[in-house]
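# Structure assessment
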Amino acid sequence: MLAMQQATRPDRPILVVDDDAKIVQLVRTYLEREGFDVITAADGPEALAAFREHRPRLIVLDLMFPGLDGRAITRIVREESDTPILMVSARGAAVDRVLGIDGGADDYVAKPFSPAELVSRVKAILRRTRRVPRSVPTAPLRFHDLLIDPERHRVCRGEEELALTNGELRLLLSLVEADGRILTREVLLDALYGDGEGEVMERTVDVYIRRLREKLGDDADRPRYVATVRGAGYRSVDER
């Protein structure tokens, strides 16, 4: 196993996960040349331990390795945070790219890849996620049976608190504030990142909406909270 390295700067590190030591070293070298602090992991359990201990600003994650693979790690990370994930895989077909994004990754790079391109994608993801799109309301909001408290980052249904990530909360607030108006994926990307970038990123909205629905206990076919408007986007469901 590769030993995880402790970051020495105040900025949170980038976590690189791959069972190929040569690829890890290559990616690490290029990222460190650009001034990033890097920690590494060689398998799924080590990656999750590093993620929970260091809360990295971004994860460069191989898709295929034994045991707890990249897809499983992505699911777990998405349940706990909005940490950006750049997935890397030898499976570079379009369908694999779509599955990676649908699974919760923010971007996807096929092996063999150019290290310079990978660093460029890392920087692009970090630019998006650094942006604060707009101010959010601070007063609690009522929506159906939900109490949404943006200032305290809490969404409650009665006595039950729903564990939403920052991105899920931003999407929910955007939909509620739109008061039933249809919001396109581009607009919702702006709520997430401040700037939608490309077709691949639009799939990220669908991933967030799906996970938001799961946490709200919403049914896409008979929605109570969030409705899909085919070919247009999403809207909140009127309480009536």
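Residues numbered from 1 in each chain as written. Predicted model: local features only at pLDDT ≥ 70, side-chain atom pairs only at ≥ 80, totals over all residues. Heavy atoms only, no water.

## Describing the overall build of the chain
As a reminder of what qualifies: Working definition: helices are DSSP H or I runs of at least four residues, strands are E runs of at least two. Numbering for both runs from the N terminus. Three exposure classes are used, based on accessible area relative to the maximum for each residue type with a 1.4 Å probe and protein chains only: buried under 20%, partly exposed in between, and exposed over 50%. The criterion used for residue contact is that any of the two residues' heavy atoms lie within 4.5 Å. To measure how exposed things are, a 1.4 Å probe is used in the Shrake-Rupley method; for residues, cover is taken only from the protein chains shown.
Counting its regular elements, the chain contains 8 helices and 11 strands. With 240 residues in all, the chain has 49% of them scored as buried. In the chain, 60% of the contacts between residues at least 6 apart in sequence involve partners at least 24 apart. For the chain, the exposed surface amounts to about 11,900 Å²; the carbon and sulfur share of it is 48%.

## Quick notes on the nonpolar core
What counts, and what does not: Joining through side-chain atoms within 4.5 Å is the link that ties buried Ala, Val, Leu, Ile, Met, Phe, Trp, Tyr and Cys residues into a set, and such a set is a nonpolar core.
One finds Leu146, Ile148, Val155 and Leu172 to be the most contacted residues of the largest nonpolar core, which totals 26 residues. When contributions to this core are tallied by element, the ones reaching two or more residues are strand E7 (146-149), helix H6 (166-178), helix H7 (185-193) and helix H8 (198-216). With 7 residues, the top contributor of residues to this core is H6. What Leu146 contacts, discounting residues up to four positions off in sequence, is Leu141, Val155, Cys156, Arg157, Leu162, Leu216 and Tyr225. Judged by nonpolar contacts, the second largest core, of 19 residues, contains Ile23, Val60, Val119 and Val122.

## Overview of the side chain of Asp218
For clarity, the cut-off: Under this rule, positive means Lys or Arg and negative means Asp or Glu; His and the chain ends count for nothing. When a carboxyl oxygen of Asp or Glu is within 4 Å of a side-chain nitrogen of Lys or Arg, the pair counts as a salt bridge.
The topology assignment puts Asp218 in the loop between H8 and strand E10 (226-229). One buried charged residue, Asp218, forms no salt bridge at all, with the nearest opposite charge on Arg213 at 4.6 Å. In this structure, Asp218 is in contact with Arg213, Pro223, Arg224, Tyr225 and Val226, ignoring residues within four places of it in sequence.

## As for the sheet that holds strand E3 (residues 58-62)
Operational definition: For two strands to pair, DSSP has to find at least two bridges joining them. Axis definition: a line fitted to C-alpha atoms, limited for helices to the stretch in contact. Angles are taken between N-to-C directions and run from 0 to 180 degrees.
Taken together, 5 strands build an open sheet; the order of strands is E2-E1-E3-E4-E5 and the sheet is parallel. Each edge of the sheet is formed by a strand with only one pairing partner; in this case those strands are strand E2 (38-41) and strand E5 (107-110). With direction set aside, neighbouring strand axes in the sheet form an average angle of 20°. Bridge count between strand E1 (residues 14-17) and E3: 4 bridges; the pairing is parallel. Within the sheet, the bridge partner assigned to Val16 lies in E3 and is Val60. Sitting on the sheet, helix H2 (residues 44-54) is in contact with E1, E2 and E3, with an inclination near 150° to E2.

## Observations regarding the sheet that holds E7
One open sheet accounts for 4 strands, arranged E6-E7-E8-E9; its pairing is antiparallel. Two strands close off the open sheet at either side, each with one partner strand: strand E6 (141-143) and strand E9 (160-162). Neighbouring strand axes in the sheet, compared pairwise and without regard to direction, differ in orientation by 30° on average. H6 rests against E6, E7 and strand E8 (154-157) of the sheet, and its axis sits at about 110° to E7.

## Description of the environment of Arg28
Its location among the elements puts Arg28 in helix H1 (residues 21-33). We classify Arg28 as buried; its relative accessible area is 15%. Considered as a pair, Arg28 and Val16 are 12 residues apart in the sequence and their alpha carbons are 7.4 Å apart.

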